[in-house]
Amino acid sequence: MRAFLFFIFCVGFFELAAQLPEKSVNAPTDTGSYQSKDTTAAIVIDKSISSVGNDASVAPYKHSPKKATLLSLCLPGAGQVYNRKNWWWKVPIIYGGGAALIYGAVFYSSNYNDYRKAYEFKVLNNNAPVGDVRFDRYNDPATLLSIRNSYREARDQCYIGLGVLYALQIVDAAVEAHFFDFNVSEDLSLNIQPQFVMNGPMSYNGVQLTLKLK
């Protein structure tokens, strides 16, 4: 009986001794375990930050020809500013030319209306004086008609010029945007060398031109 009790005591002691190191490892007072957890958390945070940086670098800035075209459609010169190439002299030309054409259209349109009214007055009133030196110096109403037509043609040409200028600045913005990322190699060379070609019984001499772009 004593031997059996001694055996039970030994088994319980060894079991308790085996459990003591495990409790000391998991104890909250162990600073080593907290340091390992903090290190793991720091590694996870570093990985997340590095992944964000990698995602941002995957999609670089891409110049959009469509956006440049739409900007020029909505506001003349805006596409040139978006392209950031030679806009500082293109935009003043666009607006300076547009202002000059608008001024010309208003000027010629005003004179056209004046001569049109003077011509109609003379025709309806048997070539009576209009009361304005500009028109009364012409005795023939046909002269007034000719001058009226010339002002109308000049006015129409200003309107056409405005349309052409508007279309050209759109085309310029679109083309400039397409070639925004175009890189011309510095190795541009033209190689000229003689060439002898055999074609069956016939042969001929020539010169071969080779233009190297890249």
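Residues numbered from 1 in each chain as written. Predicted model: local features only at pLDDT ≥ 70, side-chain atom pairs only at ≥ 80, totals over all residues. Heavy atoms only, no water.

Caption draft 1: Structural view of the packing of helix α3 (residues 65-74) against helix α7 (residues 141-178). Axis separation between α3 and α7 bottoms out at 8 Å; the angle between their running directions is 160°. As summarised for this structure, α3 and α7 are arranged roughly antiparallel, according to the angle between their axes. As α3 packs across α7, the resulting crossing turns out to be right-handed. Residues Pro65, Ala68, Thr69, Ser72 and Leu73 of α3 touch α7, and the partners they reach there are Tyr166, Gln169, Ile170, Ala173, Ala174, Ala177 and His178. Here the residues of the contact of α3 with α7 sort into eight nonpolar, four polar and no charged. (Axes fitted to C-alpha atoms, helices over the stretch in contact; angles between N-to-C directions. Helix = DSSP H or I, 4+ residues; strand = E, 2+ residues; numbered from the N terminus. Parallel < 35°, antiparallel > 145°, perpendicular 65-115°, else oblique. Left-handed = near helix turned anticlockwise from the far one by under 90°. Contact = heavy atoms within 4.5 Å. Nonpolar A, V, L, I, M, F, W, Y, C, P; charged D, E, K, R; others polar.)

Caption draft 2: Molecular detail of the packing of aromatic side chains. Within the structure shown, the criterion is met by four aromatic pairs. Residues Tyr108 and Tyr151 carry aromatic rings whose centres are separated by 6.1 Å and whose planes lie at 40° to one another, so their mutual orientation is tilted. Placement of Tyr108 in helix α5 (residues 87-124) and of Tyr151 in helix α7 is noted, with a sequence separation of 43 residues between them. A centroid spacing of 5.0 Å and a plane angle of 90° characterise the contact between Tyr115 and Phe135, whose relative ring orientation is edge-to-face. Taken together, the residues span a long stretch of sequence, with Tyr115 in helix α5 and Phe135 in helix α6 (residues 133-136) at a distance of 20 residues. Given a relative accessible area of 5%, Tyr115 falls into the buried group. Given a relative accessible area of 5%, Phe135 falls into the buried group. (Phe/Tyr/Trp six-rings, centres within 6.5 Å; stacked < 30°, edge-to-face > 60°. Buried < 20%, exposed > 50% of the residue type's maximum accessible area, 1.4 Å probe, protein only.)

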